[in-house]
Amino acid sequence: MRTKLIAGNWKMNMLHSEAEHLFKKINEAAIALPKGVDMMVAPPALYLSQLADYSTSRVGVGAQDVSAREEVQGAFTGEYSAAMLKSAGVKYAIVGHSERRTCHGETDVIIGRKIAACVKAGVIPVYCCGEVLSERESGKHVEIVSDQVRTALKGFTASELSHLVVAYEPVWAIGTGKTASNEQAQEMHLAIRNLAAEIFGSQFAERLRILYGGSMKPQNAAQLLEQPDIDGGLIGGASLVPADFIAIVEAAAL
Ligand code: PEP
């Protein structure tokens, strides 16, 4: 039985006081929420340390990215290491988000290094993968995403990845208001789980949490989250609206 995870990616939004306010609102609301659903929010990096100090066992804090360098520290301007995240109380790091892939040229080889840095430091990697629209229209979406997963997870053992979270995020659904249908999402989640079983064994695959991301909202969350291989959501836009984020957590608890 996998515990569902609802994760909010705040991206480059909110000034400091607004971020603080939103986090406090989510924390307050979380007290009344049904147990049995994990929650995570990923604020801009600047606010991580402070929000991690406020975080409770109900709502963990995650980074939106992490350095691929395995060094704990060094002359790498602008970078922050997984060890630094851990030392600041940050529990998760999103790696390989499609916006990082597009705007910063991140490849699955680089993303694999970020996963390795997280594993070494004890930070839970949330690995994002997903196809663009032309790849889906060509019918090659499963093959493309499988290649991404194989490359990023190459060389790891099952025990190193025991806390790994995968987020399937079709790029055409991120921030567009278009959501994958329940069937499209379930098909890909099952394919990822089968691939994980092939590489790391069936026990690993059974425990692996695979989130769906791409315009998940209160209106479509329940149907997506009831699919057998969807173990939660990575939420962008709706995670900035406390009532919407909370409603998605409630849908996950149904
Ligand atoms: C995301 O950025 O990971 C995402 C899924 O965004 P949205 O929910 O806004 O589509």
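Computed from a prediction, not measured in an experiment: that's the story for all the values here.

## Quick look at the pattern of salt bridges
This structure, assessed with the given rule, holds 14 salt bridges. Where arginine 193 meets aspartate 229, a salt bridge forms, and the shortest distance between an N and an O atom there is 2.5 Å. Of this pair, arginine 193 sits in helix α8 (residues 182-200) while aspartate 229 sits in the loop between α10 (218-225) and β8 (232-235), and the two are 36 residues apart along the sequence. Among the residues examined, aspartate 229 registers a relative accessible area of 8% and is labelled buried. A network of salt bridges, in which partner residues are shared, links Arg2, Arg193, Glu206, Asp229 and Asp231.

## Some remarks on the packing of helix α5 (residues 108-121) against helix α7 (residues 141-152)
One way to put it is that α5 packs onto α7 with a least axis distance of 8 Å and a crossing angle of 45°. Classified by the angle their axes make, α5 and α7 are oblique. Between α5 and α7 the crossing geometry is right-handed. Residues Asp108, Val109, Gly112 and Ile115 of α5 form the contact with α7, whose own contacting residues are Gln148, Thr151 and Ala152. Across the contact of α5 with α7, the residue classes break down as 3 nonpolar, 3 polar and 1 charged.

## Things to note about the sheet that holds strand β6 (residues 165-168)
An order of β1-β2-β3-β4-β5-β6-β7-β8 is seen for the 8 strands of this closed barrel, with the pairing classed as parallel. Strand-to-strand twist of the sheet, defined as the mean angle between neighbouring strand axes without regard to direction, takes the value 25°. Strand direction decides the pairing type here: strand β7 (residues 209-213) and β8, joined by 2 bridges, are parallel. Looking at the pairing, glycine 213 lines up with leucine 234 of β8.

## Let's talk about the state of the cysteines
Across all of its chains, the model carries 0 disulfides by this definition. Considering cysteine sulfurs only, cysteine 129 is the nearest to cysteine 128, which forms no disulfide, with 7.5 Å between them. Of the residues examined, cysteine 129 reaches a relative accessible area of 3% and is grouped as buried.

## Section: the layout of surface pockets
Using a probe with the size of a water molecule, rolled over the atoms, empty space left in the structure can be pinpointed. Considered as a void within the structure, the largest pocket measures approximately 390 Å³ in volume. Around the largest pocket sit 13 residues that line it, and Lys11, Met12, Gln64, Asp65 and Arg100 are the ones nearest its centre. It is helix α4 (residues 98-104) that provides the largest number of residues to the lining of the largest pocket, a total of 4 residues. Across the lining of the largest pocket, the residue classes break down as 5 nonpolar, 4 polar and 4 charged. Approximately 270 Å³ is the volume attributed to the second largest pocket. In this structure, the second largest pocket is lined by 14 residues; those nearest its centre are Ser162, His163, Arg207, Leu208 and Arg209.

What counts, and at which threshold
- Residues numbered from 1 in each chain as written.
- Predicted model: local features only at pLDDT ≥ 70, side-chain atom pairs only at ≥ 80, totals over all residues.
- Heavy atoms only, no water.
- Salt bridge = Lys/Arg side-chain N within 4 Å of Asp/Glu carboxyl O.
- Helix = DSSP H or I, 4+ residues; strand = E, 2+ residues; numbered from the N terminus.
- Buried < 20%, exposed > 50% of the residue type's maximum accessible area, 1.4 Å probe, protein only.
- Axes fitted to C-alpha atoms, helices over the stretch in contact; angles between N-to-C directions.
- Parallel < 35°, antiparallel > 145°, perpendicular 65-115°, else oblique.
- Left-handed = near helix turned anticlockwise from the far one by under 90°.
- Contact = heavy atoms within 4.5 Å.
- Nonpolar A, V, L, I, M, F, W, Y, C, P; charged D, E, K, R; others polar.
- Pairing = 2+ DSSP bridges.
- Disulfide = S-S within 2.5 Å.
- 1 Å grid on protein atoms, 1.4 Å probe; cavity = no way out; pocket = protein on both sides within 12 Å on 5 of 7 lines; lining within 4 Å.
- Points joined across faces, edges and corners; volume = space filled by probe spheres on them.

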